[in-house]
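Close look at the chain arrangement
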Amino acid sequence: LSADVRYGPQQLAGELVLSDLPMSLVREFADLDLEGNAAARLKLTGTPAAPSAVLALRLRDMALAGQDVGQLPPGDLALDATLGNGRLEATLNAERITQEPIRLRVELPVEFALVPARFAVAEGAPIGGAIQARADLGRLSRLIELDDQTLEGLLVVDLKLAGTLTTPQMTGQA
């Protein structure tokens, strides 16, 4: 872990970097036994009253430790997020868990400040997003306990999100 941060009434600048964190450490904080490694980079700019942040988080070779999930390979997750100018934009890509990547994108209107501390989602402003997935349900079902039940078939999702938080609009197919 490395950090270089400059903070003052009119300045916020810095970067935090996390490299090769073993995911097995998660069990110290949560009831999850994970394998794999995490890396992250958070860059901060702006002022305490109007900060901006860019986050890149990578989880590599993620798997449930000690679980027999058949032929399901470890997965990779990539989260990229930008916060600033009244917007939070984030994308999440999951790869190797399914034959094709699962992609999730979200755009939210937010009010964010460090001084005074504030984080709120603006309910009446436009939102956006999308989810795209194409996955073998039999393969995904190995991640959950189904007792004597099985899932088969192809899950295809292509959805778009628009509108506002109070009146969201979802289009597409699943």
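In case you missed it, the structure is sitting above this.
As a starting point, this report considers the structure included with it.

Reading guide: rules and limits
- Residues numbered from 1 in each chain as written.
- Predicted model: local features only at pLDDT ≥ 70, side-chain atom pairs only at ≥ 80, totals over all residues.
- Heavy atoms only, no water.
- Helix = DSSP H or I, 4+ residues; strand = E, 2+ residues; numbered from the N terminus.
- Buried < 20%, exposed > 50% of the residue type's maximum accessible area, 1.4 Å probe, protein only.
- Contact = heavy atoms within 4.5 Å.
- Areas by Shrake-Rupley, 256 points an atom, 1.4 Å probe, with all protein chains shown as cover.
- Lys, Arg positive; Asp, Glu negative; His and termini not counted.
- Charge placed at Lys NZ, Arg CZ, Asp CG, Glu CD.
- Pairing = 2+ DSSP bridges.
- Salt bridge = Lys/Arg side-chain N within 4 Å of Asp/Glu carboxyl O.

1. Here's the deal with the overall build of the protein chain
Looking only at helices and strands, the protein chain features 1 helix and 11 strands. The N-to-C order of helical and strand elements in the protein chain reads β-β-β-β-β-β-β-β-β-α-β-β. With respect to the principal axes defined by its C-alpha atoms, the protein chain has extents near 60 × 40 × 25 Å. Taken across its 174 residues, the protein chain has 27% of its residues classed as buried. In the protein chain, 42% of the contacts between residues at least 6 apart in sequence involve partners at least 24 apart. About 11100 Å² of surface is accessible on the protein chain, with carbon and sulfur atoms providing 56% of the total. The centroid of the 15 positive side-chain charges in the protein chain is displaced by 9 Å from the centroid of its 23 negative side-chain charges.

2. Thoughts on the environment of Gly-36
Locating Gly-36 in the fold gives a position in strand E3 (residues 34-46). Spatially, the C-alpha atoms of Gly-36 and Pro-22 are 6.1 Å apart, while their sequence positions differ by 14 residues. Apart from residues lying up to four places away in sequence, Gly-36 is in contact with Leu-21, Pro-22, Met-23, Arg-60, Asp-61 and Met-62.

3. Some details on the pairing of strand E10 (residues 154-163)
Direction of pairing for strand E9 (residues 128-136) relative to E10: antiparallel, over a ladder of 8 bridges. When the bridges of E10 are listed, Ala-133 appears paired with Val-157. Pairing of E10 with strand E11 (residues 168-173) involves 6 bridges; the strand directions are antiparallel. Paired with Leu-159 across the strands is Gly-172, a residue of E11.

4. Looking at the pattern of salt bridges
Going through the model one piece at a time under the given rule, you end up with 10 salt bridges. Glu-15 is paired through a salt bridge with Arg-41; the nearest N and O atoms lie 3.1 Å apart. Of the two residues, Glu-15 sits in strand E2 (residues 11-22) while Arg-41 sits in strand E3, which places them 26 residues apart along the sequence. Among the residues examined, Glu-15 registers a relative accessible area of 31% and is labelled partly exposed. Note that Glu-107 is salt-bridged to Arg-105, the shortest N-O span being 2.8 Å. A residue is classified by how much of its surface remains accessible, and Glu-107, at 23% relative accessible area, is partly exposed. With relative accessibility at 31%, the residue Arg-105 sits in the partly exposed group. Residues joined by salt bridges that share partners form a network here, namely Asp-61, Asp-76 and Arg-96.

Everything listed here is a matter of geometry and, on its own, says nothing about what the molecule does.
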